Amino acid sequence: MRILFYDTKSYDETSFNASLSEARYNDIQIEYIKYDLDSRTAALADGFDAVCAFVSSDINAHTITILHEHGVGLILMRCAGFNNVDLDKANEYGMRVMRVPGYSPEAVAEHAMALALSANRRIAKAYNKVRENDFSLSGLMGFNLYKKTAGIIGTGKIGAAMCRICNGFGMKVIAYDVYENPSLSDFVTYVSLDRLLAESDLISLHCPLSASTYHMINLDNIVKMKDGVLLVNTSRGALVKTEDLIEGIRMHKFSGVGLDVYEEETKNVFEDRSDEILEHSTTARLLSFPNVVITSHQGFFTKEALTAIAETTLQNSQDYIIGRESPNDVR
Ligand code: NAD
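Here is a short report on the structure shown in this document. Source: prediction; values computed, not measured. (Residues numbered from 1 in each chain as written. Predicted model: local features only at pLDDT ≥ 70, side-chain atom pairs only at ≥ 80, totals over all residues. Heavy atoms only, no water.)

## Points about the overall build of the protein chain
Phase 1 of the analysis: Helices and strands together make up the secondary structure of the protein chain, namely 11 helices and 13 strands.
Phase 2 of the analysis: Computed over its C-alpha atoms, the radius of gyration of the protein chain comes to 21 Å, within 12% of the 20 Å expected for a compact globule of 331 residues.
Phase 3 of the analysis: Judged by the C-alpha coordinates and their principal axes, the protein chain covers about 60 × 50 × 35 Å.
Phase 4 of the analysis: The buried share of the protein chain, taken over its 331 residues, is 53%.
Phase 5 of the analysis: Once the 32 positive and 44 negative side-chain charges of the protein chain are each reduced to a mean point, those two points are 7 Å apart. (Helix = DSSP H or I, 4+ residues; strand = E, 2+ residues; numbered from the N terminus. Rg over C-alpha atoms; globule rule 2.2 N^0.38 Å. Buried < 20%, exposed > 50% of the residue type's maximum accessible area, 1.4 Å probe, protein only. Lys, Arg positive; Asp, Glu negative; His and termini not counted. Charge placed at Lys NZ, Arg CZ, Asp CG, Glu CD.)

The following block contains the structure:
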């Protein structure tokens, strides 16, 4: 089986080659390219059985049609999310889409807490001040998380890990989800979204992007939040309506905002654009606020997670080769 691996970075090649060296993957060959998958690059997969894509790939109906015309039967997402794949089109062509649903929930949850702490205690600002020999504490005051309320939206694998971390910090943990996670019943209280917004000192988003969650953090919901709330999004950028977030920051609603994902990220993710002038960037507007910390979709980026992503993706390929159903199939 031949897989064309799009949007390759050196760390992808290292982790996949390490897993590929195992004898049970002898039937699998990977060719790595740096271009991302979209309708312009889909034809490069001519002669390959499968493509491997990531969070910024644009796997719309047109991209899928081109892949199908070139004989590709499998789209391997090396991530949990699949909001960038037109599943209806893939189903129409009988093309299989597989993902890595839970490679390391702790990797993302720990990053969510890192963002919460960095925004709350102004770590980025403090680091830059000290580098300039400015040892004053002005502008650096945060608040204790201990005994405060964490509101977790979405309590699947990553949200549950974030609940455990917040519990470990001595926080009261409340949550909102369309389904309750029974493994959390000892220390998490499920509440309505409105109650979570009103009572939480830290709100962390962990639900997928879908029609029901698109722009769930908008001005209507921001005004329901406590003044001085910390907001963290490590899930998908479009859960938050950026213009409304900026409005909320201007209203002094937030003590801190930590974003690993944001609506404008697709062009930026994993690219060095430091020499460019970003003329119409809302990201630049967000970064102009002293209480906002942004990272570039790095929640997944730990050694353990990369190894797990490679192993599950290769296992998914193996299941495809032998025609075995998998819980990692996306329909
Ligand atoms: P999961 O499927 O285990 O959990 C998602 C939870 O969201 C489920 O419990 C589901 O019931 C809930 N949910 C769905 N719709 C909802 C709604 N309308 N309101 C409230 N809750 C809702 O997924 P996961 O593995 O925990 O991942 C969560 C998200 O994290 C992924 O969808 C992905 O977008 C994001 N993610 C980000 C990174 C990163 O590097 N920053 C890495 C992996 C995943």
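Additional details are given in the paragraphs that follow.
## Structural notes on the environment of Ser-204
Phase 1 of the analysis: Assignment of secondary structure puts Ser-204 in strand β9 (residues 202-205).
Phase 2 of the analysis: The exposure class assigned to Ser-204 is buried, which follows from its relative accessible area of 0%.
Phase 3 of the analysis: C-alpha separation for the pair Ser-204 and Ala-109, spaced 95 residues apart in sequence, amounts to 9.4 Å.
Phase 4 of the analysis: Leaving out residues up to four positions away in the same chain, Ser-204 has contacts with Ala-112, Gly-151, Ile-152, Ile-153, Met-162 and Val-232.
Phase 5 of the analysis: Within the structure, the side chain of Ser-204 is placed 2.7 Å from the side chain of His-206, a separation counted as a polar contact. (Contact = heavy atoms within 4.5 Å. Polar contact = N/O pair within 3.5 Å; in protein donor to acceptor, adjacent residues only side chain to side chain.)

## Focus on the sheet that holds strand β5 (residues 96-98)
Phase 1 of the analysis: Strand order in this open sheet of 6 strands is β2-β1-β3-β4-β5-β13, and the pairing throughout is mixed. Sheet topology places β2 (29-32) and β13 (329-330) at the edges, where each strand pairs with a single neighbour.
Phase 2 of the analysis: In this sheet, strand β4 (residues 74-77) lies alongside strand β3 (residues 50-53) in parallel orientation, the contact comprising 4 bridges. Looking across to β4, one finds that Ala-53 is bridged to Met-77.
Phase 3 of the analysis: Across the sheet, helix α11 (residues 303-321) is in contact with β1 (2-5), β2, β3, β4 and β5; its angle to β4 comes to roughly 160°. (Pairing = 2+ DSSP bridges. Axes fitted to C-alpha atoms, helices over the stretch in contact; angles between N-to-C directions.)

## Remarks on the nonpolar core
Phase 1 of the analysis: Of all hydrophobic cores here, the largest spans 49 residues; its most connected members are Ile-30, Val-51, Leu-67 and Ile-75.
Phase 2 of the analysis: No other element matches α11, which puts 6 residues into this core.
Phase 3 of the analysis: Dropping the residues within four chain positions of it, Val-51 is found in contact with Ile-3, Leu-4, Tyr-6, Leu-37, Ala-45, Leu-67, Val-72, Leu-74, Ile-75 and Leu-76.
Phase 4 of the analysis: Membership of the second largest hydrophobic core comes to 28 residues, among which are Leu-193, Val-240, Val-257 and Phe-289. (Core = buried A, V, L, I, M, F, W, Y, C linked by side-chain atoms within 4.5 Å.)

## Some points on the environment of Tyr-103
Phase 1 of the analysis: Structurally, Tyr-103 can be placed in the loop between β5 and α4 (105-120).
Phase 2 of the analysis: Placed 46 residues apart in sequence, Tyr-103 and Thr-149 show a C-alpha to C-alpha distance of 28 Å.
Phase 3 of the analysis: In contact with Tyr-103, other than residues within four places in its own chain, are Cys-79, Ala-80, Phe-300, Ala-305, Ala-308 and Ile-309.

## Thoughts on the side chain of Asn-120
Phase 1 of the analysis: Relative to the assigned elements, Asn-120 resides in helix α4.
Phase 2 of the analysis: Excluding its chain neighbours within four sequence positions, the residues that come into contact with Asn-120 are Met-141, Gly-142, Phe-143, Leu-145 and Leu-230.

## Considering the sheet that holds strand β11 (residues 254-259)
Phase 1 of the analysis: The 7 strands lie next to each other as β8-β7-β6-β9-β10-β11-β12, forming an open sheet whose pairing is parallel. Of all the strands in the sheet, just β8 (188-190) and β12 (292-294) have a single pairing partner and so form its edges. The average angle at which neighbouring strand axes cross in this sheet is 15°, direction not considered.
Phase 2 of the analysis: Relative to the sheet, α4 contacts β9, β10 (229-233), β11 and β12, its axis offset from that of β10 by approximately 140°.
Phase 3 of the analysis: Across the sheet, helix α6 (residues 157-168) touches β6 (149-153), β7 (172-176), β8 and β9, and the angle it forms with β6 is around 175°.

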